[in-house]
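Take a look at the letters that make up each chain.
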Amino acid sequence: MPRLDQLLARNLGQSRREVTRLLRRGAVAGPGGERLRDGRLAIATTQLPFEVEVSGVVLQLRLHVHLIQHKPVGVVTSRNDDRHPTAWGLLEGAPMHAELRAIGRLDLDAAGLLLWTTDTPQVHALTHPNRAVPRSYQVALARPWTPAPLGPTGSPELRLADGSRPRITELGPLLERDLHPALQPPPGTGALAQITLLDGAYHEVKRIFAALDSHVLLLVRVAHAGLWLPETLEAGAWRELTSLPGGGP
Ligand code: URA
C-alpha cells in the first residue's frame, strides 16, 4: 500500500523531506478536514484518488497518471531534444509531469494520438509487438497506392525493404465523411487512406506506402488500442484519462 508521504511527494513533485516539513507544519488536511501529520499513513488503493488539501488547495492524490495528447506536427516525442520542442514539454503543468513516459512514438512530422503514463509496465504492454496492439492512422498521400496482395486472412501481405512483414489489419481509402479533423490534407494530396497495424516499427506507415508506390504527405494517428483521438482535442492539448485502453489501472 502506498504511504501518504510517497503519494504527496510524487503528486506534488517534491522531495520526501519537503513533504515531511509540510506535514509537520500541519499544511495537509484529509478528506474530512482533519490534519494529517504522519507521512507513514498507508492509503489503500481502494481509497485512491485520495483527496487532500495542501496549504488550502484541494488535490486528488493518485498512484499513476495517464494522459491522452494530440501531438502536433513539429514536436518530437522524446522528453529532451536539442533542436526541437518536445511533446513532453507541452504537458507542462500536468500531474506527475516529471514521471510521464510516452507510450510509443510519432515522428516529428506526424501528428495525432499520443498516450502518456507514469505506469511504465503499461508502456511495454501497449507497444510491444508481441502484444499486437492496434494503431490506426489516417494519411494524406501524394498519389493513389498500388494495392498489396491479400493473404489467407484477407489482410494485405507486404514485405518491406528491410525484410519485415508489417501486420496490416486494415488498409483502405478514406472517405471525406470519415476524415478526422486532425488531418488537414495538404496541397498536392492525391489520395487519402486509413491503415491499422499491429506493429509500431520505425517510420512504418511511411515505409508501407513507399513500398506501395506512394508517398505519405501527412500522417495522423487516430486510434491506439481502440481509443480514438477525441475530435474536440486541439493540436497540442491533452486530457487526463482515468485508465488506459486495454484495462491498465
Ligand atoms: N509510422 C510512421 O511512419 N510514422 C509515425 O510517426 C508513426 C507510424
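Residues numbered from 1 in each chain as written. Predicted model: local features only at pLDDT ≥ 70, side-chain atom pairs only at ≥ 80, totals over all residues. Heavy atoms only, no water.

1. Here's the deal with the UniProt feature "domain: Pseudouridine synthase RsuA/RluA-like" (unreviewed entry) in the protein
Consideration 1: The positions that UniProt labels "domain: Pseudouridine synthase RsuA/RluA-like" (unreviewed entry) are, in the present scheme, residues 67-211.
Consideration 2: From the first C-alpha to the last, residues 67-211 spans 34 Å; its make-up is 10% helix and 25% strand. (UniProt positions renumbered as here; feature names shortened; annotations may be inferred. Helix = DSSP H or I, 4+ residues; strand = E, 2+ residues; numbered from the N terminus.)

2. Concerning the side chain of H97
Consideration 1: Within the secondary structure, H97 sits in the loop between β4 (66-71) and β5 (101-103).
Consideration 2: We classify H97 as buried; its relative accessible area is 12%.
Consideration 3: Setting aside anything within four residues of it in sequence, one finds H97 in contact with R79, W88, L91 and E92. (Buried < 20%, exposed > 50% of the residue type's maximum accessible area, 1.4 Å probe, protein only. Contact = heavy atoms within 4.5 Å.)

3. Describing the site of the ligand
Consideration 1: Taken together, the residues surrounding the ligand are L106, D107, A110, Y137, H203, E204, V205, K206 and L219.
Consideration 2: Taking H203, its main chain carries an N or O atom lying 3.3 Å from an oxygen atom of the ligand.
Consideration 3: Summarising the interface, the protein chains cover 95% of the accessible area of the ligand, which totals 240 Å² for the free molecule.
Consideration 4: When atom positions are compared with the pocket grids, the ligand is found to occupy the largest pocket.
Consideration 5: It is helix α4 (residues 204-211) that contributes the most residues to the shell around the ligand, 3 residues altogether.
Consideration 6: Three or more residues apiece are contributed to the shell around the ligand by two domains, here domain 2 (64-126 + 230-242) and domain 3 (134-224). (Near = heavy atom within 4 Å. Polar contact = N/O pair within 3.5 Å; in protein donor to acceptor, adjacent residues only side chain to side chain. Areas by Shrake-Rupley, 256 points an atom, 1.4 Å probe, with all protein chains shown as cover. 1 Å grid on protein atoms, 1.4 Å probe; cavity = no way out; pocket = protein on both sides within 12 Å on 5 of 7 lines; lining within 4 Å. Sits in = over half its atoms within 2 Å of the grid points. Domains from an automatic or database assignment.)

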